[in-house]
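Below are the chains, spelled out letter by letter.
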Amino acid sequence: MVLLIFLLLASFFDGSYASASETSAETIYECESAASSAVGGTLANYPDSNSSAGAWHMLSTSTVGAYVEYTVNVPVPGPYTVYVKNKKVDSRGIYQLSIGEVNQGGAVDLYSSTALYTEVNHGTVNFASAGNKTFRFTVTGKNASSLGYTLGLDAIRLVNQRQSQRLWYSAPAANWETEALPIGNGKLGGMVFGGTGVDRVQINEATIFSGKKVQTTPANYTEFSQIKTALNNNDFASAKTHFNNWLGNTPNYGPEDFGEYQNLGDINLTFAGHESGISNYVRELNLNTGIAKVSYEKDGKTFTREYFSSYPDNVMVIRLTSSAPQSITTQVSMDSPQYNIVQSSSGNNTLIVDGKNNTGALSFQTRIKVLPSGGSQSIASNVASVTNADSVTIFMSTYTTYTNNWLNYAGNTDYAADVTSAVYNAGNKTYEQLKSTHTSDYKNLFDRVSLDFKGTNMDAVPTDTRLTNYKNGSADPGLESLLFQYGRYLLISSSRQGGQPANLQGIWNNSNTPSWGSMYCFNINFNMNYWPSQVTNLTETHMPMIDLIDSLRPSGRETAKNYFNIQAGWFAAKKTDVWGFTMPYKPADSGLFMGGSGWLAQDVWEYYSFTRDTNYLATKGYPILKEAAQFYLNFLTPQGNFLISTPTTSPENSFKYNGASYQISAGTEADHRIIEELFNNTITASTILGVDDTFRSQLQTAVAKIPQPQIGSLGQIREWNQGDFVETDPTHRHISQLYGLFPGNTISPLSTPALADAAKVSLNRRGDLSTGWSMAWKINAWANLLDGQRAYSLLNLQLKNRINKNLFDTHPPFQIDGNFGFTSGIAEMLLQSTYAKQIHLLPAMPSNWPNGSVKGLKARGNFTVDMDWTSGNLTKAVIKGAPNDKGTIRYGTSVFPFILDSSGVFTYIP
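Residues numbered from 1 in each chain as written. Predicted model: local features only at pLDDT ≥ 70, side-chain atom pairs only at ≥ 80, totals over all residues. Heavy atoms only, no water.

Draft legend 1. Structural view of the overall build of the protein chain. Helix and strand counts for the protein chain come out as 20 helices and 43 strands. Considering only C-alpha atoms, the protein chain reaches an extent of 100 × 70 × 50 Å along its principal axes. Buried positions account for 62% of the 910 residues belonging to the protein chain. At a minimum sequence separation of 6, the contacts of the protein chain that also span at least 24 residues come to 70%. (Helix = DSSP H or I, 4+ residues; strand = E, 2+ residues; numbered from the N terminus. Buried < 20%, exposed > 50% of the residue type's maximum accessible area, 1.4 Å probe, protein only. Contact = heavy atoms within 4.5 Å.)

Draft legend 2. Expanded view of the confidence of the model for the protein chain. Of all residues in the protein chain, 95% have pLDDT values of 70 or greater, and the mean over the chain is 92. A low-confidence stretch, residues 1–24 (pLDDT under 50), is modelled with 70 contacts involving residues beyond four sequence positions or located in other chains. (pLDDT = per-residue confidence, 0-100.)

Draft legend 3. Structural view of the sheet that holds strand 28 (residues 391–400). On the basis of which strands lie adjacent, the open sheet formed by nine strands has the order 13-18-19-20-21-28-25-24-23 and antiparallel pairing. Across the chains shown, the open sheet's two edge strands, defined by having one partner strand only, are strand 13 (166–169) and strand 23 (339–346). Between one strand axis and the next, the sheet turns through 15° on average, direction left out of account. (Pairing = 2+ DSSP bridges. Axes fitted to C-alpha atoms, helices over the stretch in contact; angles between N-to-C directions.)

Draft legend 4. Spatial organisation of the nonpolar core. With 214 residues, the main nonpolar core has Trp246, Tyr486, Phe564, Phe679, Leu830, Leu841 and Met867 as its most contacted residues. It is helix 14 (residues 614–635) that contributes the most residues to this core, ten residues altogether. Apart from residues lying up to four places away in sequence, Met867 is in contact with Leu830, Leu831, Leu841, Leu842, Gly852, Ser853, Val854, Lys855, Leu874, Lys876 and Ala877. By size, the runner-up hydrophobic cluster in this structure holds 25 residues, among which are Leu59, Val72, Leu97 and Phe137. (Core = buried A, V, L, I, M, F, W, Y, C linked by side-chain atoms within 4.5 Å.)

Draft legend 5. Quick look at helix 14. In this model, helix 14 (22 residues) spans 29 Å end to end at C-alpha, consistent with the 32 Å of a helix rising 1.5 Å per residue. The largest bend in helix 14 is about 50°, located at Gly621, with the proline Pro623 one to four residues further on. The N-terminus of helix 14 is capped by Asp613, whose side-chain oxygen sits 3.1 Å from the backbone nitrogen of Asn615. (Expected span 1.5 Å × (residues − 1). Bend = angle between axes of the 7 residues up to and from the residue. Polar contact = N/O pair within 3.5 Å; in protein donor to acceptor, adjacent residues only side chain to side chain.)

Draft legend 6. Region of the structure containing the packing of aromatic side chains. Under the criterion given, the structure shown has 59 aromatic pairs. Their ring planes at 45° and their centres at 5.3 Å tell us that Phe209 and Tyr261 sit as a pair that is tilted. Of this pair, Phe209 sits in the loop between strand 16 (198–205) and helix 2 (221–232) while Tyr261 sits in the loop between helix 3 (236–246) and strand 17 (265–270), placing them 52 residues apart in sequence. The exposure class of Phe209 is buried, given its relative accessible area of 0%. The buried category is assigned to Tyr261, whose relative accessible area is 0%. For the pair Trp720 and Phe725, a centre-to-centre distance of 6.4 Å together with 55° between the ring planes defines the contact as tilted. When sorted by exposure, Trp720 lands in the same class as Phe725, which is buried. Members of the aromatic cluster, each reached through a chain of ring pairs, are Tyr221, Phe224, Phe243, Trp246, Tyr563, Phe564, Phe571, Phe631, Tyr632 and Phe635. (Phe/Tyr/Trp six-rings, centres within 6.5 Å; stacked < 30°, edge-to-face > 60°.)

Draft legend 7. How the structure looks around the packing of helix 10 (residues 539–551) against helix 13 (residues 596–611). Between helix 10 and helix 13, whose axes approach to 10 Å, the crossing angle comes to 145°. As for the relative orientation of helix 10 and helix 13, their crossing is left-handed in sense. Along its contact with helix 10, which presents Thr539, His542, Met543, Met545, Ile546 and Ile549, the element helix 13 presents Leu600, Asp603, Val604, Tyr607 and Thr611. Of the residues that constitute the contact of helix 10 with helix 13, the class distribution is seven nonpolar, three polar and one charged. (Left-handed = near helix turned anticlockwise from the far one by under 90°. Nonpolar A, V, L, I, M, F, W, Y, C, P; charged D, E, K, R; others polar.)

Draft legend 8. Summary view of the packing of helix 6 (residues 463–471) against helix 19 (residues 788–801). Between helix 6 and helix 19, the least distance of the axes is 9 Å, while the angle of their chain directions is 125°. Between helix 6 and helix 19, the angle falls in the class oblique. As for the relative orientation of helix 6 and helix 19, their crossing is left-handed in sense. Residues Leu467, Tyr470 and Lys471 of helix 6 form the contact with helix 19, whose participating residues are Tyr792, Leu795, Asn796, Leu799 and Lys800. Class assignment of the residues belonging to the contact of helix 6 with helix 19 gives a composition of five nonpolar, one polar and two charged. (Parallel < 35°, antiparallel > 145°, perpendicular 65-115°, else oblique.)

Draft legend 9. View of the environment of His122. Position of His122 relative to the elements: it lies in strand 10 (residues 117–127). In sequence terms His122 and Val108 are 14 residues apart; their C-alpha atoms lie 9.5 Å from each other. The contacts of His122, once residues within four sequence positions are left out, are Val82, Val84, Tyr95, Leu97, Gln104, Gly105 and Val108.

Draft legend 10. Representation of helix 19. Given a rise of 1.5 Å per residue, 14 residues ought to cover 20 Å, and the 20 Å separating the end C-alpha atoms of helix 19 matches this to within 8%. Of the residues making up helix 19, those classed as buried are Gly788, Ala791, Tyr792, Leu794, Leu795, Asn796, Gln798 and Leu799. Residues of helix 19 that are buried sit in contact with helix 6, helix 7 (477–494), helix 18 (772–784) and helix 20 (817–830).

Draft legend 11. Quick peek at the pattern of salt bridges. All told, the structure shown has 35 salt bridges when counted by the stated rule. As a salt-bridge pair, Glu119 and Arg157 come within 2.9 Å of each other at their nearest N and O atoms. Of this pair, Glu119 sits in strand 10 while Arg157 sits in strand 12 (residues 151–160); the two residues are 38 residues apart in sequence, bridging distant segments of the chain. Like Glu119, the residue Arg157 is buried in the burial classification. Residues Lys620 and Asp547 are paired through a salt bridge, measuring 2.4 Å at the closest nitrogen-oxygen approach. Of the two residues, Lys620 is situated in helix 14 and Asp547 in helix 10; the sequence distance between them amounts to 73 residues. One continuous salt-bridge network, built from bridges that share partners, spans Asp550, Arg553, Arg557 and Glu627. (Salt bridge = Lys/Arg side-chain N within 4 Å of Asp/Glu carboxyl O.)

Draft legend 12. Focus on the sheet that holds strand 40 (residues 873–880). Pairing is antiparallel across the open sheet formed by five strands, whose spatial order is 29-38-39-40-43. The sheet is open, and its two borders are formed by strand 29 (450–452) and strand 43 (905–908), each paired with just one other strand. This sheet shows a mean twist of 20° between the axes of neighbouring strands, independent of strand direction. In this structure, strand 39 (residues 863–870) lies alongside strand 40, joined through seven bridges in antiparallel fashion. What sits directly across from Thr864, in strand 40, is Lys880.

Draft legend 13. Structural detail: the environment of His57. Within the secondary structure, His57 is located in strand 4 (residues 55–60). C-alpha of His57 to C-alpha of Leu43: the two residues are 14 residues apart in sequence and 6.9 Å apart in space. Each residue touching His57, except ones within four places of it in the same chain, is listed here: Cys31, Glu32, Ser36, Leu43, Ala44, Asn45, Tyr70, Leu151, Gly152 and Leu153.

Draft legend 14. The arrangement of the pairing of strand 39 in detail. Buried residues dominate strand 39, accounting for six of its eight residues. As paired elements, strand 38 (residues 852–859) and strand 39 share six bridges and run antiparallel to each other. Residue pairing across strands places Ser853 opposite Asp868, the latter belonging to strand 39. Hairpin geometry of strand 38 and strand 39 is characterised by an intervening segment of three residues between the two adjacent antiparallel strands and by a positive phi of about 105° at Gly861. The antiparallel hairpin formed by strand 39 and strand 40 contains two residues in its connecting segment, where Ser871 sits at a positive phi of about 55°.

Draft legend 15. Seen up close, the side chain of Asp452. With respect to the element layout, Asp452 can be found in strand 29. Judged by its relative accessible area of 7%, Asp452 is buried.

Draft legend 16. Broad picture of the side chain of Gln500. Residue position: Gln500 is located in the loop between helix 7 and strand 30 (520–521). Filtering out sequence-adjacent residues up to four positions away, Gln500 remains in contact with Gly186, Ala206, Thr207, Tyr402, Asn404, Ser494, Ser495, Tyr520, Pro544, Leu548 and Val578.

Draft legend 17. Up close: unusual backbone geometry. Cis geometry marks the peptide bond from Phe742 to Pro743, where omega comes out at 15°. When you line up the elements, Pro743 lands in the loop between helix 16 (693–703) and helix 17 (753–766). Pro812 follows His811 through a cis peptide bond whose omega is -5°. With respect to the secondary-structure elements, Pro812 resides in the loop between helix 19 and helix 20. At Ser381, a residue that is not glycine, the phi angle is positive and equals roughly 55°. Non-glycine residue Leu842 carries a positive phi angle of around 45°. When you line up the elements, Leu842 lands in the loop between strand 37 (838–841) and strand 38. Exposure remark for Leu842: the relative accessible area of 9% places this residue in the buried category.

Spelled out as structure tokens, the structure:
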């Protein structure tokens, strides 16, 4: 334990302290710049490159009882560990720290340390309120070997024990998938390994996909009609044959026909002589700042690297520093597995890599600028070398020819000028300017939500050790809240406005042939990626997904016409890439999902449901919804008094019939709930906007004929409309038949208790242990069944079985949807809401989180909700929104209306 604490302290004692505003979890006040006053002595600043901010503060006195006071702002109430970084000088006294006139820790003999700078842990202080606090350092004596009573003080660091959000490790990463740490800005992604002799940052750019645009060609619609006929006769074998004939020439996975997300390459940094002799190594990712960091000691010097990907400046930045001048010697190079690679350089500081994807449909240029402070530099054989520098800053950016336009996906002819400009502009800014701009932009999103389960703080334990302990049964609610915030971090880092949405691996991929193409799959995975976007207050991250959906409409219109002979509306089956792929494909269990574009339309509506942005609804949301609804209105097939979705499949699942397994059927529960929801949302949207009365009437007539959920002979929600079929695999990973429970809203224990009970039967038949994303879906499902203990059981199981050391979720292999689903699951346990503005507080609270607080969650209707609870019971809730807006609160069995006051606030105390 002593070693762990020492490693934690060493990670901060590296000459690169943050500003006081950098993070709410860790607040640092430089003594020379904090408000201060002295009694019985004088104060002065002294520059020193080894100090935390380039200078330290000295109280000169010869009197016991002299003191210096600093005004420190505590950002939020709660327990903080107090650290003081001191400077050894010849005349050094002994001090007693007091905070608000209460002594904190014992007296500190400043002369006894052998190190030039030493950080002292003064223990934990529980601040009952936020705001300015007085820290007093009083001289109580001097060391017997000291000449005087002078105090050398460098910085005060407060670590909020309930807000610390940091992944950290005591060794470099050896494995990309399970250990490397991700950084990203929605466009540029990096995986940081943090090696000492050789460091590797594997990099991606969000638009670099293989493949090219594939034009749809008319399918044999006669075969499509025969599929329906076969299904009407329960001839599932013939239906399969006609299906294969129908899609005989349809493209499937790449490399030529379908785009797969690509590995751009590696930035390599070598440090001769640093392969051994290393001590006090720490590799970390600070979720509060979006900055990864490596620090270690070598030959009495502390070496530090910081890594981040800046959205405002569109560059990835790597910063190398040392505690001693002229200590940094490194070589920088880049490797790329892409095609037609040409490497060159510009001047003596910029590496250039040009390349194309496998089909030549996309070109890119990467630039890496290496700028040292002090020392010398050169470029030879595509390697940038720096010798004896004080510090080094590295900028990387990549631009491609890609534009998200169905007519011309390679329309950016200025990509080389764009990347040149990005790197040039970054090089003209100081590192602190770039870092400050990045952290300000990032924190504007991340800081909106805080979550505190008030368990024992475990930040002094490496994250991989915490995970091992958790898997062995140790309680660690802080790890659960860390994983919640990690999902928010990953969404911010992989989905930003104006760029591509998060794919199957977010923005991180080290293969040119990744599993499932690392594409966009919308029979659950792509959809799950965005479950946290609204409820965890990251609305801006949602727009890249909606922009992609919007961009699919031209391709989707062609698919509707050529594959279904439907002349109105757009359709997308199951997956897409950056080239607008929307077609169904073989085999049927994975390639024929008739709910695809309907499920995508749910996100289009949810954006409005949460934000109530009518301009968005009119200009973007409703046109997408309307065209999607037009397709399904023409696709639904009359069957008696009903309209059913046929032919179709229940995503990736099979059923038994007369001893054989089949996928294709006439009608599924998933399709019907998706289409019903789409029609209802489109009806509401058209009513709000006052448009399309006739079309609205058609939808109202049709939606009443869509079959409602049915309960099967086993007490379960029937998955297939055509019969009470039994699954070929009862424990199948998909729970598509429960779409109406979550992410839909037609099944609820509050309004449809019988269906809710049937949903429980279905979940129990599926079992708990499954793929990472499947367990995440089940967390959300049980939360919406208002069973917090069962939801927690799934959460616990996922964390124990499907979370890697770097906290990436695994299918296996790595899939990021499980991370996002985990985050959504915790949010659903704490807060649920409806379009009608009913806000359900703590709907699925497990006994494992008896005390806690959450700030900043969003409810539908554009409300923000803060909550505190003790012993499992809500103690206070604050709802914020537009002045005088109103809704309904549900807590336990109580339901009552609320109205926000003139300042837009309503406070509820049970």
